[in-house]
Amino acid sequence: MTRLLLLLLFVLAAAPAQAQDLLRANAPNDWLITNATVLTVTNGVQESADILVQDGKIAAVGSNLSAPEGIATYDASGQYVMPGIVDAHSHIAISSVNEATAPVTAQVGVGDVLDPFDVALYRALAGGVTTSHVMHGSANVIGGQNETIKHRYGVITPDALRLEGAPRTIKFALGENPTRVHGEGNEVVPQTRMGVEQVIRTTFHKAQRYMAAQAAYRNGERDAPPPHSERMDVIADILRGEVLVQCHSYRADEIYMLMEVFEDFGVTNYTFHHVNEGFKVAPELAAHNAGASIFSDWWAYKFEVYYSTAYNAAILTKNGVTTSINSDSPELNRHLYHEAAKAQHYGGLSDTQALSLITINPARQLGIADRVGSIEVGKDADLAIFNRHPLSIYAIAQRTYVDGVVRFDRQNDPDDMRLRVNPERPVETAYDWSDTGKRHGSCMQGTGLHATQRGLYLK
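Residues numbered from 1 in each chain as written. Predicted model: local features only at pLDDT ≥ 70, side-chain atom pairs only at ≥ 80, totals over all residues. Heavy atoms only, no water.

(A) Looking closely at the overall build of the protein. Per the secondary structure count, the protein includes 11 helices and 19 strands. Each of the 459 residues in the protein was classed as buried or not, and the buried ones make up 56%. In the protein, 70% of the contacts between residues at least 6 apart in sequence involve partners at least 24 apart. Total accessible area on the protein stands at roughly 19700 Å², and carbon and sulfur atoms take up 50% of it. (Helix = DSSP H or I, 4+ residues; strand = E, 2+ residues; numbered from the N terminus. Buried < 20%, exposed > 50% of the residue type's maximum accessible area, 1.4 Å probe, protein only. Contact = heavy atoms within 4.5 Å. Areas by Shrake-Rupley, 256 points an atom, 1.4 Å probe, with all protein chains shown as cover.)

(B) Local environment of the packing of aromatic side chains. This structure, assessed with the given rule, holds 16 aromatic pairs. Centre to centre, the rings of Tyr250 and Tyr301 are 6.2 Å apart; their planes meet at 70 degrees, and the pair counts as edge-to-face. In this pair, Tyr250 sits in the loop between β11 (243-249) and α6 (252-265) while Tyr301 sits in the loop between β13 (291-294) and α8 (312-318), placing the two residues 51 residues apart along the sequence. Across the pair, exposure class does not vary: Tyr250 and Tyr301 are buried alike. Each residue in the set Phe172, Phe204, Phe262, Phe265, Tyr270 and Phe272 is aromatic and connected to the rest through ring pairs, giving one cluster. Note that Arg399 overlies the ring of Trp31, its terminal NZ or CZ placed 4.9 Å from the centroid. A cation sits over an aromatic face here: Arg420 above Phe117, 4.2 Å from the ring centre. (Phe/Tyr/Trp six-rings, centres within 6.5 Å; stacked < 30°, edge-to-face > 60°. Lys NZ or Arg CZ within 6 Å of the ring centre and 35° of its normal.)

(C) Local environment of the sheet that holds strand β12 (residues 270-274). Read across the sheet, six strands follow the order β8-β10-β11-β12-β13-β14 without closing on themselves; strand pairing throughout is mixed. Of all strands in the sheet, those with a lone pairing partner are β8 (142-145) and β14 (323-325), marking the two edges. Taking each pair of neighbouring strands and ignoring which way they run, the sheet shows an average axis angle of 25 degrees. Strand direction decides the pairing type here: β13 and β14, joined by three bridges, are parallel. Considered in β14, the bridge of Ser293 is made with Ser324. (Pairing = 2+ DSSP bridges. Axes fitted to C-alpha atoms, helices over the stretch in contact; angles between N-to-C directions.)

(D) How the structure looks around α6. Between its first and last C-alpha, α6 extends 20 Å over 14 residues, near the 20 Å set by a 1.5 Å rise per residue. For α6, the complete set of buried residues consists of Ala252, Glu254, Ile255, Met257, Leu258, Met259, Val261, Phe262 and Phe265. Packed against the buried residues of α6 are β10 (168-173), α4 (193-218), α5 (230-239), β11, β12 and α7 (282-287). Taken from the residues just after α6, Gly266 is the one with a positive phi, measuring 75 degrees. (Expected span 1.5 Å × (residues − 1).)

(E) Spotlight on the side chain of Ser293. Looking at the secondary structure, you find Ser293 in strand β13. Taking the relative accessible area as the measure of exposure, Ser293 reaches 0% and is therefore buried. Within polar-contact distance, the side chain of Ser293 engages the side chain of Ser324 at 2.8 Å. Dropping the residues within four chain positions of it, Ser293 is found in contact with Ala88, Thr271, Phe272, His273, His274, Val275, Ser324, Asn326 and Gln365. (Polar contact = N/O pair within 3.5 Å; in protein donor to acceptor, adjacent residues only side chain to side chain.)

Here's what the structure looks like:
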């Protein structure tokens, strides 16, 4: 009996400590990482180098650095340190993806449905991903606002995930998704690709009139302001350059169409996503300073995605387009370094060019390159440590730091890292294409558009 009581006391004493470890509530954000091969991305490679982290920021990078008193040291001998990976297109850690009720839903935002308990955040950390651009779905021509988050897995409030100060972004979509959901499904414009363009032009014209009415009221030329419209406020901010457009797109003709529309309305800061036919208009994308966020070698999952090439990343890069590789997936995000390696294999990119596809380039597209995307003094200490060069197929992440806090530790983390356990619910599998049943279905969650072996259909 005595031994049983002692065991019970031990379990009760140990349980809070284990829970505390999962939350990382008191984890240090000061570190000295020593003897690593440091892949800075923007300033070359440093062999046998050290990185000093203080208050969650990179304080120094060099050789023979000393740890100030009280700072823990991690010996990374034989290992590689790269900047935390930035996923430019994700639907991770949100409970809803699409507000598919109208062709324009700029008034909604996925930042309102963040889920810090999503274990996919931790799984992405296991692949070195530290930042995700969480996007609204592609059911609408102009969809909802996106949210850029840090993978601070262990925090339990949605606000703690947000990357403070990150520019606002919004989702646009061209092609089959919005025409199927609205035109073919509900007989609402757009039913065709020309309808998609008209929705955008009409909405921008409405926003211009809204802005003019607001200005007239401020100048005393109107007795009352125009009726408040959250939707028009957001569209107006796009025209002012305060919201960055991130547009789902595939075909070259549609990409070129939207660049002309943006030119007509003075919109200058935008990135096309997927962009499978981007290689056809690479010089035009570069001339418009448009970004491209692509897949490495995925296509043919629907009709508009049949024309593509695994050389897309290399062609875009060598034409001067700021190019990134994204996951658009809750599973493949932890393999983004493999996707970068594929682009290098097919297109002959250098190590730095390949790593840029998943670090500094997506950071530039999201307007957060002053915070993340490279290993530089003053930037956030978002770091991923691999046992081999991260472009090697044999590379395995060992540790991932976010703001200097170890959020993934291959050697020391317990097997079950779920923060909230429902005993009646099965463990979510890593391989989960949500309700569509196939890859790339996450953009269409909640729309009633489902994928089967026979193709897409509306439920």
